[in-house]
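# Understanding the architecture of this molecule
The residues making up each chain are set out below.
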Amino acid sequence: QVQLVESGGGLVQAGGSLRLSCAASGVTFRVYNMAWFRQAPGKEREFVSAIRSSGGTFYADSVKGRFTISRDNAKNTAYLQMNSLKPEDTAGYFCAATSLGGTYSDTKTYRYWGQGTQVTVPS
């Protein structure tokens, strides 16, 4: 059974940092493309960042230069380091995984999803 479990969310002041983790089980993690999406109340889920099995990375313009995605295949875990956080980064953050190709920024590309972790940056 495939399971993705996010952790690391919380409340942080503007300008602060958080590191999110996504622990995967039930998959051959090293062959999976991983991604992070976020969803604020009343808004659609939006792409944040992705990392391919090959290690290639992609970022939404809104987080480029502030967020860094990485993976540790030995630990079956993907990470999202978030620096210089802003109030507009407040959202539920979701980890996603796929073993297939596809558009990295499209939610439809990903077969497996975690339950999400909340990030709150007060204004």
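Residues numbered from 1 in each chain as written. Predicted model: local features only at pLDDT ≥ 70, side-chain atom pairs only at ≥ 80, totals over all residues. Heavy atoms only, no water.

## Side note on the nonpolar core
- Ranked by size, the top nonpolar core spans 35 residues in total, and within it Leu4, Met34, Trp36, Phe67, Leu80, Met82 and Tyr93 carry the most contacts.
- At the level of elements, β3 (18-25), β4 (33-39), β5 (46-51), β7 (67-72), β8 (77-82) and β9 (91-98) are the ones that each hand at least two residues to this core.
- Among the elements that take part in this core, β9 stands out by supplying five residues, more than any other.
- Setting aside residues up to four positions removed in sequence, Tyr93 forms contacts with Glu6, Leu20, Trp36, Phe37, Arg38, Val48, Phe67, Leu80, Met82, Gly116, Thr117 and Val119. (Core = buried A, V, L, I, M, F, W, Y, C linked by side-chain atoms within 4.5 Å. Buried < 20%, exposed > 50% of the residue type's maximum accessible area, 1.4 Å probe, protein only. Helix = DSSP H or I, 4+ residues; strand = E, 2+ residues; numbered from the N terminus. Contact = heavy atoms within 4.5 Å.)

## Focus on unusual backbone geometry
- The phi dihedral of Asn76 falls on the positive side, at around 55°, and the residue is not glycine.
- By secondary structure assignment, the location of Asn76 is in the loop between β7 and β8.
- Its identity as a non-glycine residue notwithstanding, Ser84 has a phi of 50°, on the positive side.
- Residue position: Ser84 is located in the loop between β8 and β9.

## A few points about the sheet that holds strand β1 (residues 3-7)
- Here we have four strands laid out as an open sheet, ordered β1-β3-β8-β7, and antiparallel in their pairing. Single-partner strands in this sheet number two, and they are β1 and β7. Across this sheet, the average inter-strand angle for adjacent strands is 15°, counted without regard to direction.
- Here six bridges tie β7 to β8, and the two strands are oriented antiparallel to one another. Of the residues in β8, the one forming a bridge with Ile69 is Leu80. (Pairing = 2+ DSSP bridges. Axes fitted to C-alpha atoms, helices over the stretch in contact; angles between N-to-C directions.)

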